[in-house]
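# Tertiary structure, described
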Amino acid sequence: MAVPKKKTSKSKRDMRRSHDALAAPGMSICPQCQEPKQSHRACASCGTYKGKEIVGTEE
């Protein structure tokens, strides 16, 4: 089994992990109800996507 010859430094370890951070999802404003919604998703409050009603909501 392979065993590392030297200890990995904190700098090398942290540089490798620099791309692992989570990013917040992109948000946009729904053109129908002006509520914030996730980009490229149907609006959770009014149920529309690209001007068409996709999901029926009870108001």
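Just above, that's the structure.
Residues numbered from 1 in each chain as written. Predicted model: local features only at pLDDT ≥ 70, side-chain atom pairs only at ≥ 80, totals over all residues. Heavy atoms only, no water.

### Here we look at the overall build of the chain
Definition in use: Elements are defined by DSSP. Helices are runs of H or I of four residues or more, strands are runs of E of two residues or more, and each kind is numbered from the N terminus. Only C-alpha atoms enter the radius of gyration; for comparison, a globular chain is expected to reach 2.2 Å times N to the power 0.38, where N is the number of residues.
Summing up its helical and strand segments, the chain has one helix and four strands in all. Helices (α) and strands (β) of the chain occur, in sequence order from the N terminus, as α-β-β-β-β. Against the 2.2 N^0.38 benchmark of 10 Å for 59 residues, the chain shows a C-alpha radius of gyration of 22 Å, more extended than a compact globule. Referenced to the eigenvectors of the C-alpha coordinate spread, the extents of the chain come out at roughly 65 × 25 × 20 Å.

### What about the pattern of salt bridges?
Note the cut-off: Between Lys or Arg on one side and Asp or Glu on the other, a salt bridge is scored when a side-chain nitrogen of the former is within 4 Å of a carboxyl oxygen of the latter.
Using the criterion set out here, one finds one salt bridge in the structure. The closest approach of N and O atoms between D14 and R13, which form a salt bridge, is 3.1 Å.

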